[in-house]
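Geometric and topological summary
In case you want the letters, here they are:
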Amino acid sequence: MTRIIAGAARGHSLAVPKSGTRPTSDRVREAMFSSLESLLDLGGIAVLDLYAGSGALAFEALSRGASTAVLVEQSKSAANVLRANAELLARVAREQGRRTVTSRIAQNSVSSFLRTPPGQLFELVFIDPPYELGEPELTEALDALVPHLAPEAVVVIERGSRSPAPVVPESFEALRRKSYGETIVYSYEASPVEESDDEKSQA
């Protein structure tokens, strides 16, 4: 069972796809958010969850104060589970008379989603790909992510302990690396990308 650990929807259970996903354990999520909340204020931010699976990371952020989340998941069955979980979060917010919680499920591949011109910028990004995802594919996704990031956005990458450290864009500054058994969580801050002299002259 996967549940919301803290915030407005604390204790509510989330549906999990029957196969093909690997939800972050409650223990790892609790430690991850304890670390995150020392790095940034979750209140009112926009969250992007790539390879979303059950959406536990994005929905935890929404429960703790984030205002919007976009969850990207290619699997149709997993996307249907995400929609059910999104409705749960919205219903809890309505019942409590709290702020509006907005979730959008993008049933698409991560590469296709990131090739689309940004509709909004995100302050927090979760990347929890299948452990078998190749390093070149992850590096390509991280490079494509840059235009979607707000200044000083925090990017959290979850990988297996046997996987090498991610190859990140030059604009990423390493913040923390934490091991939780077979899982390693890397946190980065994305610095604003400076315009080249050519871009400045065209402005």
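Residues numbered from 1 in each chain as written. Predicted model: local features only at pLDDT ≥ 70, side-chain atom pairs only at ≥ 80, totals over all residues. Heavy atoms only, no water.

**A closer look at the nonpolar core**
Residues Leu36, Val47, Phe59, Leu71, Leu124, Phe126 and Val156 are the most contacted members of the largest nonpolar core, which totals 36 residues. Looking at this core, the elements with two or more residues in it are helix H1 (26–36), helix H2 (56–63), strand E4 (68–72), helix H3 (76–95), strand E6 (122–127) and strand E7 (149–160). Looking at this core, the element that brings in the most residues is H3, giving 7 residues. When neighbours within four sequence positions are excluded, phenylalanine 126 is seen to be in contact with Met32, Phe33, Leu36, Val47, Leu48, Asp49, Leu50, Leu57, Ala58, Ala61 and Val156. (Core = buried A, V, L, I, M, F, W, Y, C linked by side-chain atoms within 4.5 Å. Buried < 20%, exposed > 50% of the residue type's maximum accessible area, 1.4 Å probe, protein only. Helix = DSSP H or I, 4+ residues; strand = E, 2+ residues; numbered from the N terminus. Contact = heavy atoms within 4.5 Å.)

**Re the packing of H2 against H3**
Taken N-terminus to C-terminus, the directions of H2 and H3 make an angle of 10 degrees; their axes are 11 Å apart at the nearest point. Taken together, the axes of H2 and H3 lie roughly parallel to each other. Counting all contacts with H2, which are made through Phe59, Leu62 and Ser63, the residues of H3 involved are Leu82, Asn85, Ala86 and Leu89. Looking at the contact of H2 with H3 residue by residue, the class counts come to 5 nonpolar, 2 polar and no charged. (Axes fitted to C-alpha atoms, helices over the stretch in contact; angles between N-to-C directions. Parallel < 35°, antiparallel > 145°, perpendicular 65-115°, else oblique. Nonpolar A, V, L, I, M, F, W, Y, C, P; charged D, E, K, R; others polar.)

**Re the packing of aromatic side chains**
Scanning the model with the defined rule gives 2 aromatic pairs in all. Arranged with centres 6.0 Å apart and planes meeting at 45 degrees, the rings of phenylalanine 172 and tyrosine 188 form a pair that is tilted. Linking phenylalanine 172 in strand E8 (residues 172–180) with tyrosine 188 in strand E9 (residues 183–190), this pair joins segments that are 16 residues apart in sequence. What makes tyrosine 188 buried here is its relative accessible area of 6%. (Phe/Tyr/Trp six-rings, centres within 6.5 Å; stacked < 30°, edge-to-face > 60°.)

**Brief notes about the pairing of E7**
Counted residue by residue, E7 has 10 buried out of 12 residues, so it is predominantly covered. Note: E6 against E7, 5 bridges, orientation parallel. Bridging across to E7, valine 125 finds its partner in valine 155. Taken together, E6, helix H5 (residues 135–145) and E7 constitute a β-α-β crossover, and its handedness is right-handed. With 8 bridges joining them, E7 and E9 adopt antiparallel strand pairing. Looking at the pairing, valine 156 lines up with serine 187 of E9. (Pairing = 2+ DSSP bridges. Right-handed = clockwise from strand over helix to strand, strands pointing away.)

Worth remembering: the numbers are spatial, not functional.
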